[in-house]
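Here are the chains, one letter per residue:
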Amino acid sequence: MWLVRPAQPSDLKAILELAGGIGPRLSSTLPRKDEALAAKIDESVRDFAICNDLDAQDHRGSLRFLFVLEDTDTGAVRGVAGIDSRAGHGQPFYNYRQDALIHASHELDISRRVDVLYPSHALTGHTLLCAFTIDPQLKDTDAFELLSRARMMFIASHRELFADQAVVEIQGVQTESGAVPFWDSLGRHFFNMDFETADQHSGALSKTFIAELMPPNPIYVTLLSPEARAALGQAHEKTQATYALLQREGFHAGVYLDIFDAGPVLEARTDSLKTIVSSLPGTLHGSPTDDGERCLISGGDRADFRCTLSAMAETLTGDIKVPVKTWHCLGLDAGDAVRVSPL
Amino acid sequence: MLVIRPLQENDLEALYAMAQSAGKGLTTLPADRDLLQRKIRHARDTFNQRCAPEAGLYLFALEDTELGQCVGISGIQARVGLDEVFYNYRLSVTVNASRELGVHVRTPTLHLSNDMTDTSEICSLLLSDSHRGGGNGLLLSRCRFMFLDHFRKHFSEKVFAEMRGVSDKEGRSPLWDALGRQFFDMDFTEADMLSGLGNKSFIAELMPKFPIYLPMLPDSARAVIGRVHDNTAPALKMLQSEGFNFNGMVDIFDGGPVVEAFVHNIRTVRDSTDRIVMIRSKPGDKSRGEVMVCNGAFQDFRVTTVPADCVNIDTISLSASVASALGVEAGDRVRLAPLKDAGLSTTNRNGDTNHAGRSSRA
């Protein structure tokens with residue numbers, strides 16, 4: 001069975017392999033260095049534990065959660081996904097806001113629209129879905145949807161930990177040779193390094209660290225190279241599946257762009273995310289058969305959070321009937337509280 | 001005899017003819033009768049002190065007394081940017097540094113600036129083709145420094161000149177094409193012409209206000225920032241020999257440099273001395289060089305050149321006709337300054353006409 005659970009230090013090697021398989025990517029991704037990744041996993045373990053201790057009144061802090069997708073039959077970790085409860089994690093969260101100015105002259109009777117990219121921190125403190133990485137072989141499977149949406153199930157069950165607005169950064173345009181047109185037209189000038197090198201530094205330090213070396217002034221779109229202009233707000237081809245899934249969830253592209261590759265930043269109101277709206281709490285019960293609607297089912301508090309896919313039959317009284325193997329997978333027993341959402 | 005005097009109303013036709021033959025290169029003086037007429041009136045009011053000192057436009061005519069005609073002009077704008085906004089780009093540097101990344105990158109950056117506001121500008125130099133050479137360009141240019149020296153209180157301590165930037169034979173400017181044009185869909189020649197007609201600040205208001213990072217501009221545009229048009233190179237050299245230096249400002253359209261100097265440091269000002277006039281009929285010998293002689297009057301300002309061997313220890317010998325042209329008598333005090341300097345060969349003089357050929361705001 002497919003299971004999504006909090007990442008553990010023992011997952012380090014598997015996650016490193018997954019992260020190594022993807023190309024350079026400066027935004028919301030995983031570090032590809034041992035120590036940095038180990039630190040990130042430790043941070044996640046600690047944050048899951050902290051939130052176990054938290055009083056319901058005090059959830060202002062920024063927490064970082066990392067989940068893994070495990071094949072319970074083999075024990076193999078095949079994907080990873082994260083949530084930062086507050087984007088920026090206490091530091092400014094940088095984006096460009098694409099905006100327009102009208103350059104007009106009454107005397108010459110001329111008016112002209114000028115597109116400008118403004119550095120912005122406006123999305124700082126929103127809940128950020130990040131670090132989504134999955135074994136490419138699983139791209140068109142239910143496991144893909146499970147891994148992505150399990151985070152929404154977690155948010156639904158721990159709503160008080162998260163902000164009212166959620167954002168996701170989508171990878172921008174990159175050529176097959178690894179060049180990022182937007183970076184080459186803008187960021188490269190200020191770092192004297194290619195995208196991949198900057199990406200490595202970003203993994204070792206932080207995205208904010210790199211972002212703060214970018215020019216603090218607005219950038220005129222018309223002065224970017226034609227390739228960079230064409231890449232504004234465009235998602236990388238290989239993110240199509242992710243993009244489509246997030247759109248179904250209710251995320252939409254707005255005026256914010258990634259400051260390094262100009263990929264779109266998707267935004268949504270947390271409370272209107274489809275999984276959060278459509279998921280229902282219920283009580284776990286056994287079912288003798290594998291019949292019923294296939295859905296996401298999650299249970300367990302914070303560090304004990306588990307989410308899997310299972311056939312499910314629901315009764316009018318809110319009892320959720322699932323096969324016993326699903327209980328085992330979730331580590332729960334009859335009578336425990338669970339949450340379900342249709343696939 | 002060639003004499004510098006304030007420009008007068010009856011110079012209009014001569015000025016118009018010169019402006020016409022100067023063609024497109026000269027923004028300051030477009031061949032537009034009404035505009036030239038307004039400028040002449042403005043200059044007349046300035047010399048008659050009928051306008052506020054800071055609004056003054058001092059235009060000087062080079063008159064060929066034999067022809068009785070104006071054969072060249074030059075000017076000083078008392079203050080720029082007072083009744084409209086005067087824009088330049090300041091060429092500065094943005095440094096990105098991080099010890100952790102081992103990064104230390106300098107990015108040349110253009111910042112829109114109004115720093116030249118309230119400063120005096122030398123401008124509008126134009127010399128008729130028939131009178132090129134023989135130091136006439138130098139006289140037209142340097143007479144202004146003698147005026148500045150005499151009437152410092154009417155001007156700022158520092159004066160500047162905008163030098164024409166690079167453009168090709170068809171009048172295309174690489175900087176305009178890469179920058180201005182992106183914001184304002186117009187040819188450089190048209191924008192240039194509009195700015196000559198006094199619309200420059202309107203155009204400037206359509207230009208980008210945020211800093212421009214030069215690496216984002218094409219190489220062709222970056223290469224011309226702070227560089228002068230070939231025709232203007234001699235004029236730049238002349239101003240440099242007077243002590244003018246590039247001050248980091250460039251024209252927002254073509255990237256031509258702004259050069260500036262403190263009045264008290266200008267070579268003509270430093271090298272000028274006073275002499276008492278003596279009238280004598282013996283003509284001097286021009287082969288030993290010439291000096292500029294200035295009468296020091298405001299409304300009747302006059303400068304002409306005399307052979308250097310007319311200069312004595314305390315006095316200067318002037319013929320009666322020269323004294324009359326200057327409006328001085330024996331015993332009057334005049335100021336002298338050298339006309340030529342060793343560093344400047346005669347081949348440079350033809351370019352004098354284009355110097356400061358940019359943007360007078362009158």
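Residues numbered from 1 in each chain as written. Chains lettered and ligands numbered in written order. Predicted model: local features only at pLDDT ≥ 70, side-chain atom pairs only at ≥ 80, totals over all residues. Heavy atoms only, no water.

### Section: the overall build of chain A
Counting its regular elements, chain A contains eleven helices and 15 strands. Taking 20 Å as the expected radius of gyration for a compact globule of 343 residues, we find that chain A reaches 21 Å, a close match to that expectation. Dimensions of chain A along its principal axes, counting C-alpha atoms only, are 80 × 45 × 40 Å. The buried share among the 343 residues of chain A stands at 53%. When the accessible surface of chain A is split by element, carbon and sulfur atoms take 48% of a total near 14300 Å². (Helix = DSSP H or I, 4+ residues; strand = E, 2+ residues; numbered from the N terminus. Rg over C-alpha atoms; globule rule 2.2 N^0.38 Å. Buried < 20%, exposed > 50% of the residue type's maximum accessible area, 1.4 Å probe, protein only. Areas by Shrake-Rupley, 256 points an atom, 1.4 Å probe, with all protein chains shown as cover.)

### Focus: the interface of chain B and chain A
Accessible area lost during the coming together of the parts is what is often quoted as the interface size. In this assembly, 28 residues from chain B lie in contact with 33 residues from chain A. When chain B packs against chain A, the two sides together hide about 2700 Å² of surface, and 72% of this comes from carbon and sulfur. The largest share of the area that chain B buries against chain A comes from L101, F210 and M216 of chain B, three residues that together contribute 27% of it. Linking chain B with chain A are zero salt bridges, by the criterion used here. Linking chain B with chain A are ten residue pairs in polar contact (both at pLDDT 80 or more). When residues in the side of chain B that touches chain A are grouped by element, the largest group, four residues, is from helix 4 (residues 174-183) of chain B. (Contact = heavy atoms within 4.5 Å. Buried area = accessible area lost by both parts, 1.4 Å probe. Salt bridge = Lys/Arg side-chain N within 4 Å of Asp/Glu carboxyl O. Polar contact = N/O pair within 3.5 Å; in protein donor to acceptor, adjacent residues only side chain to side chain.)

### Concerning the packing of aromatic side chains
Applying the stated criterion across every chain yields a total of 37 aromatic pairs over all chains. Considering the side-chain rings of Y118 of chain A and F210 of chain B, the 5.8 Å spacing of their centres and the 85 degrees angle between planes classify their relative orientation as edge-to-face. Residue Y118 of chain A is located in strand 5 (residues 110-120), and its partner F210 of chain B is located in the loop between helix 5 (188-204) and strand 8 (212-213); the two belong to separate chains. For F210 of chain B, a relative accessible area of 22% gives the class partly exposed. Each residue in the set F47, Y58, F60, F147, F151, F155, F298 and F301 of chain B is aromatic and connected to the rest through ring pairs, giving one cluster. (Phe/Tyr/Trp six-rings, centres within 6.5 Å; stacked < 30°, edge-to-face > 60°.)

### So, the confidence of the model for chain B
All names here are of chain B. Scored by pLDDT, chain B has a mean of 88; 93% of the residues are at 70 or more. Here residues 342-362 is modelled with pLDDT under 50, and outside its nearest four sequence neighbours on either side it reaches 76 contacts, counting other chains as well. Here the prediction assigns the complex a pTM of 0.85, and the interface score ipTM is 0.83. (pLDDT = per-residue confidence, 0-100.)

### A closer look at the pattern of salt bridges
Residue and element names in this part refer to chain B. One pass over the full model with this rule turns up 38 salt bridges over all chains. Of the charged contacts, one joins E13 and R33 as a salt bridge, the two residues approaching to 3.1 Å between their closest N and O atoms. Of this pair, E13 sits in helix 1 (residues 12-22) while R33 sits in helix 2 (residues 33-47), and the two are 20 residues apart along the sequence. Residue class for R33 comes out partly exposed when judged on its relative accessible area of 39%. A single salt-bridge network, built from bridges that share partners, covers E9, R41, R44, D45 and R50.

### Digging into helix 1 of chain B
Of the positions making up helix 1 of chain B, those classed as buried are L12, A14, L15, Y16, M18 and A19 of chain B. Buried positions along helix 1 of chain B lie against helix 2, strand 3 (69-77) and strand 6 (120-127) of chain B.

### Remarks on the pairing of strand 12 (residues 293-299) of chain A
Among the seven residues in strand 12 of chain A, five count as buried, and that is most of the element. Counting the residues between successive antiparallel strands, the hairpin from strand 12 of chain A to strand 13 (residues 306-314) of chain A contains six residues, one of them, G300 of chain A, with a positive phi of roughly 90 degrees. (Pairing = 2+ DSSP bridges.)

### Comments concerning unusual backbone geometry
Residues and elements named next belong to chain A. Even without being a glycine, N192 presents a positive backbone phi close to 60 degrees. On the secondary structure map, N192 appears in the loop between helix 5 (187-191) and helix 6 (195-204). Residue classification places N192 among the exposed positions, given a relative accessible area of 65%. Residues other than glycine seldom take positive phi values, yet A262 does so here, at roughly 65 degrees. Topologically, A262 is positioned in the loop between strand 9 (252-257) and strand 10 (264-269).

### Looking at the environment of Y118 of chain A
Looking at Y118 of chain A, the relative accessible area reads 16%, which means it is buried. Residues in contact with Y118 of chain A, not counting those within four places in the same chain, are N95, Y96, R97, D99, L101 and P218 of chain A together with F210 of chain B.

### Some remarks on the pairing of strand 14 (residues 319-322) of chain A
Alignment of strand 11 (residues 280-286) of chain A against strand 14 of chain A, held across four bridges, turns out to be parallel. Looking at strand 14 of chain A, one finds that T283 of chain A is bridged to D319 of chain A.

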